[in-house]
Amino acid sequence: MKRVALLLFTLAALGMLVVPAGAEPYWITYEGNDLPENEGWNRYWGNADGEYQGGGAIRTIEDGVLTMDSLYDPWVWDWAYIERPGQMDPELGETLNGDCWWKK
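This one's a predicted model, so the numbers in the text were calculated from it and none came from an experiment.

Q: Looking at this model, I keep getting lost on the overall build of the protein chain. Mind explaining?
A: Of regular secondary structure, the protein chain possesses one helix and five strands. For the protein chain, the α and β elements follow one another from N to C terminus as α-β-β-β-β-β. Counting over 104 residues, the protein chain shows a buried share of 13%. Carbon and sulfur atoms make up 57% of the accessible area of the protein chain, which amounts to about 8700 Å² in all.

Q: Just checking my understanding: could you explain unusual backbone geometry for this structure?
A: Generally, phi is negative for residues other than glycine and the peptide bonds are trans, each holding for most cases. At Asp63, a position not held by glycine, the phi torsion is positive, near 55°. The exposure class of Asp63 is exposed, given its relative accessible area of 76%.

Q: Please clarify how the side chain of Arg59 should be interpreted in this entry.
A: Looking at the element boundaries, Arg59 is found in strand E3 (residues 58-62). Its relative accessible area of 18% is what places Arg59 among the buried residues. At 2.6 Å, the side chain of Arg59 and the side chain of Glu37 are in polar contact. With residues up to four places along the chain from it excluded, the contact list for Arg59 reads Leu35, Pro36, Glu37, Arg43, Leu66, Thr67, Met68 and Asp78.

Q: Which parts of the structure should I look at to understand the packing of aromatic side chains?
A: Two measures describe an aromatic ring pair: the distance that separates the ring centres and the angle between the ring planes. Tallying each qualifying case throughout the model produces four aromatic pairs. Residues Tyr30 and Trp41 carry aromatic rings whose centres are separated by 6.4 Å and whose planes lie at 80° to one another, so their mutual orientation is edge-to-face. One end of the pair, Tyr30, is in the loop between helix H1 (2-22) and strand E1 (42-47); the other, Trp41, is in the loop between H1 and E1, with 11 residues separating them in the sequence. For Tyr30, a relative accessible area of 26% translates into the label partly exposed. Pairing Tyr44 with Trp77 gives two aromatic rings, centres 5.2 Å apart and planes at 50°, and the pair type is tilted. Of this pair, Tyr44 sits in strand E1 while Trp77 sits in strand E5 (residues 77-81), placing them 33 residues apart in sequence. What makes Tyr44 buried here is its relative accessible area of 14%. Judged by relative accessible area, which is 25%, Trp77 ranks as partly exposed. Pairwise contacts between aromatic rings join Tyr44, Trp77 and Trp79 into one cluster.

Q: For this particular structure, what's the right way to read the sheet that holds strand E2 (residues 50-51)?
A: Strand-to-strand pairing in sheets goes through backbone hydrogen bonds, with the strands running parallel or antiparallel. The strand order E2-E1-E5 describes an open sheet built from three strands, whose pairing is antiparallel. Every other strand in the sheet has two partners, leaving E2 and E5 as the edge strands with one partner each. With two bridges joining them, E1 and E2 adopt antiparallel strand pairing. Directly across from Gly46, in E2, lies its bridge partner Glu51.

Reading the values: rules and limits
- Residues numbered from 1 in each chain as written.
- Predicted model: local features only at pLDDT ≥ 70, side-chain atom pairs only at ≥ 80, totals over all residues.
- Heavy atoms only, no water.
- Helix = DSSP H or I, 4+ residues; strand = E, 2+ residues; numbered from the N terminus.
- Buried < 20%, exposed > 50% of the residue type's maximum accessible area, 1.4 Å probe, protein only.
- Areas by Shrake-Rupley, 256 points an atom, 1.4 Å probe, with all protein chains shown as cover.
- Polar contact = N/O pair within 3.5 Å; in protein donor to acceptor, adjacent residues only side chain to side chain.
- Contact = heavy atoms within 4.5 Å.
- Phe/Tyr/Trp six-rings, centres within 6.5 Å; stacked < 30°, edge-to-face > 60°.
- Pairing = 2+ DSSP bridges.

Shape descriptors only; they carry no functional weight alone.
So this is what it looks like as structure tokens:
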């Protein structure tokens, strides 16, 4: 039983490594040098009053780690996203899903 569990764990771990390798041509990184909106990303935030209201989450960058803390108010939400129209160039036979849930 332990061998089967170890084999399944190993296969799962290897499967997780394949995903980033396969996505490498379209990999987008954020290094945490500055706030995302200053690095080409879009910020989307708000509170119970609606979109772009209030200050959003308390955001800090420390040692390259962006922290978005909205625990002070359960109605606050804040996230960053990036749009890259025309920069995705799949090869023949490849397809990319162009639907984004944040687009209106």
